Amino acid sequence: MRRLPLLLLGLLLLHQSHCFEFVIDGEWEGEPSGLQDHQERNRRAILTSEEQEDFEAIRGEDITVKSYKVESRITSRFAHTTVRSSVVNSGSKAQSIGFNVQIPKRAFITNFTMNVNGITFVGSVKEKTVARNLYAQARARGKAAGIVRANSQDMETFKTEVHVPPGSNIEFELHYQEMMHRKLSSYEHTLHLQPGRLVPQFQVDVYIYEPKGISMVETPNTLGDQFNELIKKTFTKDKAHIVFKPTVQQQKKCDNCTTSAIDGIFTVKYDVERDSNAGELQVSDGHFVHFFAPSNLTPLPKNIVFVIDVSGSMWGVKMKQTVEAMQAILDDLTIDDHFSIIDFNHNVRCWSEELVPGSSIQIGEAKKYIQNIKPNGGTNINEALMRAVQMLLKASNQGMIDPRSVSMIILVSDGDPTVGEIKLSTIQKNVKRVMREEFSLFSLGIGFDVDYDFLERIAMENRGVAQRIYANHDAAEQLRTFYSQVSSPLLRRINIQFPDDMVSDVTQNRFDKFFGGSELVVAGKVLPSDSNILSSITTASAARLDLSLETEADTMDLDTELAKQQHSFTGFARQMWAYITVNQLLAERSVAPTAAKKRKITQRILSLAVEHQFVTPFTALLVESDDASERLLADSPKDPRRGCCSGTGASASLMKPVVPVVYQAPPWVQITTPATPRQATGALPEHITIVENDPHFIVHLPRNQMDVCFNIDSQPGHILNLVSDRGTGVVVNGELVASKRAQRNKLNTYFGTISVYYQPDGIGVTVTTNSIGLMDGHNNHSFTWTATADITQDGVKISIVKNSHVMITINDNIQVMVLLHRVWKKHPVNVDFLGIYVPSDNSYSSLAHGLIGQFSTEPDVNVYDIHEGADPLKKEATMEVKGNRLVVTRGWQKDYRRDKKRGSDVYCWFIHNSGKGFIDGHYTDYIVPHLNSFLPEL
């Protein structure tokens, strides 16, 4: 085999968020001493400036780049990206040719292959010690390898360099995988394109497949105006293809230039269709993934203490941009939010000793205070955080804050502690000791002169996250972007459960908070089962609400569909489960209390990383020729920042989404409870009053043991009162909709909206054929018919059975069931409508009235003179009721509770002329102006 004079492969795995420690001679590296700590801080600052360098995808003089192609296949939020390049040494002498790829920090490299003059090098992920030993054997035979690093705010650089003779052909191919994180209501996929030269065959393809459907796809202008028309996008219901394929002429900076204008980030943003607040459950390849991103919920109130470092090191641009960001953040607060500001250097000061409402006056005063801050002095982080926690504790103990609100501390600092308690582990213990379970701490580290490892540990232990703010970029915008991700908490204490006998190895399924615009993801393995239906139940607390949401998925459907898709990533569920699990283990290891615990977690990471071929801080990519005589090593270098090890996967990029945090049990502990199929929710008693079809009223009279029917022929848009009870404060109204066109000169009307309003608590439930809304005068929440759910607020409970019916229960003694009727969308006449079912034994007061409510006091009814009518199948009779003598007809109407298609017959005496004589007054007396209107006294 032909030998190469020099092989040099470097892999940057510069970890900026989750730092870990290497095993050295069986021992774990401890925290640096004070002197070491000072040296590390100097080294961090030097490294920041030294690591800046020009980047080119292909390096070398007198080379011909034949092609450079990037392909990403995104399936259900999981991306597999491949970068390929073909290069020829067209010079007259041997030289080194580099292949460099910048990848997102949160991605895992999964493979690298290289072909040099017919020698193929294939990569495989191995335990780091195994890979290093194998590589050392090759190096002992004269081979060489090195590690190269580069610094970037949200990317890291894979670099390989190969020394080849003139005329050599080299083909490079790199693979990496990442999960798309939803932030600010969209997913963002980024590809770094900087070839450094013109390329005859240059092409980027991004394929997206989302089984539930794609709601939007955008390609923001990030490469320059000259490429706007060259980015082609095709977009169907569930698939999208974005292609960028500029010719050599189109790549040029100018018509006569020989340099490439392609230099930047190629970005694709998209979001998926969501038809249910219960989330989306997908099963494929023996694994499941549950995506949970509810919307149409009112944000919870916030209690925020901003803790801002104003030490001398913040002087200048850092402080200016922090003030600028705080001005915008304060403007975002509402009157329902409470806040205060603590600024600290060697001393700690409070703008307000207590939390204050986010009124315009208080916000204005806070802005003035922030504007006048002059940085100087040292850094007393410990006391500042203690004061912040005490402020939240005081407000909570005094009942000043809503018990359902979200309380958080946001720490902004650019340096390590220098005053007061300076031992990081002690500060960490102090904060954890005093923080309540309902409080969260978010840490923002500005620049590289801060111990980011410490900020991350302290945040993670207290139900928050840390983020690096890059001082040499637009720090104000970074701060605002981070805040926008935590400014809309929608849910607390989320628990996503699955049947214990159907799943195993479930990732974190309990979360402390859910923020609007983000997404919670739970994955696991599916066990063999007789059932092909997997279900999940999600419980959570919203503003004044307790939720229970159920969804399900067929375990076979998705694999069948994926097999039909040409560009889908069929192994997405398996790899996503491993991706999430490895990241959670890396996070767990960073806060593990003992060396033994760390070693145990490390072994688990190693096993998963090798099985799923992820390059992590504890694995390396060994690249070797077919006969293993030539070997290269892609390894993760030690991170001089803070003396901990670097790694991919769990890193925090500039735009890192706010990840969910665990409560009660740590994320690595699987907590599941059986999720049993729901029984028919809200079963009604036998005796009920029914309103169905166009609309037919079937009033059950228990004492008379009979059913009486009548129709209401009103106009579309009219709101009819069904129940009006000022004694209990309950009103039930229905709004009529019309069929698409008249039949036999008659335009039928149906109930398209039903409203149940409970006046004492000001709670209104509005049911339409599209959604179920819950309003309390301040908060508005919306749920769809596409998931089974239970919602409880004060004395009102809503039970939704997927695409079937909803039961509204008030104080456990008044019930209203609304049944959904769907028709063929293209039906020329019929429309979707609602049926109403009300128990006869509802506990109304003596003031109850309405088309249904008036019969809670049952009238005396006498039916006699039963005889054959004009229709031999329908007998006629005389009815005496309420002093009226009526001619009635014996017929039947339908009860659709058990059979929504055919229904079951209910025989009744039919009252003609819209119930005239049977109901009090005329039916027009029951028309009310609004859905929550009580009936005027008749």
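All values derive from a computational prediction rather than experimental measurement. (Residues numbered from 1 in each chain as written. Predicted model: local features only at pLDDT ≥ 70, side-chain atom pairs only at ≥ 80, totals over all residues. Heavy atoms only, no water.)

A tally of regular secondary structure across the protein gives 13 helices and 54 strands. A burial count over the protein gives 60% of its 938 residues as buried. In the form shown here, the protein has an accessible surface area of approximately 36,700 Å², with 49% of it arising from carbon and sulfur atoms. (Helix = DSSP H or I, 4+ residues; strand = E, 2+ residues; numbered from the N terminus. Buried < 20%, exposed > 50% of the residue type's maximum accessible area, 1.4 Å probe, protein only. Areas by Shrake-Rupley, 256 points an atom, 1.4 Å probe, with all protein chains shown as cover.)

Quick look at the pattern of salt bridges now. Using the criterion set out here, one finds 41 salt bridges in the structure. In this structure, Lys597 and Glu588 form a salt bridge, with 3.6 Å as the shortest nitrogen-oxygen distance. Looking at Lys597, the relative accessible area reads 27%, which means it is partly exposed. A salt bridge links Asp920 to Lys882; its shortest N-O distance comes to 2.8 Å. Of this pair, Asp920 sits in the loop between α13 (912-915) and β54 (927-928) while Lys882 sits in the loop between β51 (875-881) and β52 (884-895), placing them 38 residues apart in sequence. Via salt bridges that share partners, Arg77, Arg182, Glu210, Asp271, Arg274, Glu280 and Glu519 belong to a single interconnected network. (Salt bridge = Lys/Arg side-chain N within 4 Å of Asp/Glu carboxyl O.)

The next point concerns the sheet that holds strand β13 (residues 186-193). Within the open sheet, the four strands sit side by side as β12-β13-β18-β15. Their pairing is antiparallel. In the strand order of this sheet, the two ends are held by β12 (182-183) and β15 (214-218), each with one partner. In this sheet, strand β18 (residues 264-272) lies alongside β13 in antiparallel orientation, the contact comprising seven bridges. Across the sheet, residue His192 finds its bridge partner in β18, namely Ile265. (Pairing = 2+ DSSP bridges.)

Bringing the state of the cysteines into the picture now. Under the definition given, this model contains two disulfides. Note on cysteine connectivity: Cys254 is disulfide-linked to Cys257, with sulfurs 1.8 Å apart. For the disulfide bridge between Cys254 and Cys257, the dihedral angle about the S-S bond is near 95°, and by the sign convention the bridge is right-handed. Assessed through its relative accessible area of 36%, Cys254 is described here as partly exposed. Here Cys709 is linked by a disulfide to Cys908, with a sulfur-sulfur distance of 1.8 Å. Here the S-S torsion is close to -120°, and the disulfide linking Cys709 with Cys908 is therefore left-handed. Of the two residues, Cys709 sits in strand β38 (residues 706-711) while Cys908 sits in strand β53 (residues 904-911), which places them 199 residues apart along the sequence. With respect to burial, Cys709 and Cys908 carry one shared label: buried. Numbered in order of appearance, the disulfide-bonded cysteines of the protein are paired 1-2, 3-4. (Disulfide = S-S within 2.5 Å.)

The two faces of the sheet receive side chains in turn, since in a regular strand these alternate between them. For strand β39 (residues 719-725), the buried fraction is high: seven of the seven residues fall into the buried class. The antiparallel hairpin formed by β39 and strand β40 (residues 730-738) contains four residues in its connecting segment, where Gly729 sits at a positive phi of about 80°. Note that β39 and β54 share two bridges and pair antiparallel. In the strand pairing of β54, Leu720 is matched with Ile927.

Describing two packed helices takes the angle between their axes plus the distance from one axis to the other. Helix α9 (residues 475-486) packs onto helix α4 (residues 317-332) with a crossing angle of 30° between their chain directions and a minimal axis gap of 8 Å. The angle between the axes of α4 and α9 places the two elements in the roughly parallel class. Handedness of the α4/α9 crossing: right-handed. The residues of α9 that touch α4, namely those facing Gln321, Thr322, Glu324, Ala325, Ala328, Ile329 and Asp332, are Ala475, Ala476, Leu479, Arg480 and Tyr483. (Axes fitted to C-alpha atoms, helices over the stretch in contact; angles between N-to-C directions. Parallel < 35°, antiparallel > 145°, perpendicular 65-115°, else oblique. Left-handed = near helix turned anticlockwise from the far one by under 90°. Contact = heavy atoms within 4.5 Å.)

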